[in-house]
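# Secondary and tertiary structure notes
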Amino acid sequence: RLYPITMGLSKQLLPIYDKPMIYYPISVLMLGGIREIAIITTPQDQDQFRRTLGDGSQWGLSLTYIPQPSPDGLAQAYILARDFLNGAPSAMVLGDNIFFGHGLPEILAEADAQTHGGTVFGYRVADPERYGVVDFAPDGSVRALIEKPTHPPSPFAVTGLYFLDGTAPDRAATVTPSARGELEITSLLESYLHDGTLRVAKMGRGFAWLDTGTHASLLDAGNFVRTLEQRQGMQTGSPDEIAYAQGWISAEDLAARASLFGKNEYGTYLYSLLTAITADHSSDRR
């Protein structure tokens, strides 16, 4: 059984085009069939997240809120969530990361199927020196993970999506703080690499990964989502649509959500899904 963690800070409530940023990483977990999610955020921001997301029941989810008293590194999430995880494998997605691409549910399912070790995702970038980078051996196996290298050994950056087995909290507890005083996620992943149990799945040309950690990248992400939605007439990162497609909420539940958003573009889109559902049912009765 998979227990996911999603990290959050106050900026994850900022909009990416027409939805809060946090909708996008939650949608990724939902596409992976994940329904039990812990939101790890600062104590002062927790109420904002609760007001925005509630308990998750509107999407057929169960949300748990875990405070992070101080920002001591991504690996700390596994220590804070030890009781929540209760020895189970987990997926963690960073609250400011956006993933998009045909076949995303399939690669998530493949990572989920690995019950031993860890899986991270490598994404080709033009500026790998800004990221944690994968050093591949000639046979394609992972030789090392290097944080912001001056001379990157490959163009593949490690994204903010991690599938780790049930040993992650114990491993995180042994991580030594870095020079900047944080428990680095790279150090945790290196423990899996040392054991020969770390797998890097490459995301190909058909995928998009956006890290919205800067003002410029925040704007880029908004434009990206706007372009997709305007061209395709379909939503990106919609927990409501995914929940209905997964069978976690009913058409009546979807109608209530559409009514909540009224006549804005998001509400109009949800109403269009209901119209399509009604049309399909009418066709089936003929």
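Residues numbered from 1 in each chain as written. Predicted model: local features only at pLDDT ≥ 70, side-chain atom pairs only at ≥ 80, totals over all residues. Heavy atoms only, no water.

### Structural notes on the side chain of Gln 46
- Secondary-structure assignment places Gln 46 in helix α2 (residues 43–53).
- Since its relative accessible area comes to 13%, Gln 46 is described here as buried. (Helix = DSSP H or I, 4+ residues; strand = E, 2+ residues; numbered from the N terminus. Buried < 20%, exposed > 50% of the residue type's maximum accessible area, 1.4 Å probe, protein only.)

### Some remarks on the side chain of Arg 257
- Mapped onto the elements, Arg 257 comes out in helix α10 (residues 251–261).
- By relative accessible area, which is 11% here, Arg 257 ends up buried.
- When near neighbours in sequence (up to four residues on either side) are disregarded, Arg 257 contacts Tyr 23, Gln 58, Trp 59, Asp 240 and Leu 270. (Contact = heavy atoms within 4.5 Å.)

### Regarding α2
- Of all the residues in α2, the buried ones are Asp 45, Gln 46, Phe 49 and Leu 53. One side of α2 holds all its buried residues, which, seen down the axis, span an arc of 120 degrees. Away from its buried face, by an angle of more than 90 degrees, α2 presents the exposed residues Gln 44 and Arg 51.
- Buried-residue contacts for α2 involve α1 (23–31), β4 (36–41) and β5 (62–67).
- Following α2 by one or two positions, Gly 54 has its phi on the positive side, about 65 degrees. (Arc of directions from axis to C-beta.)

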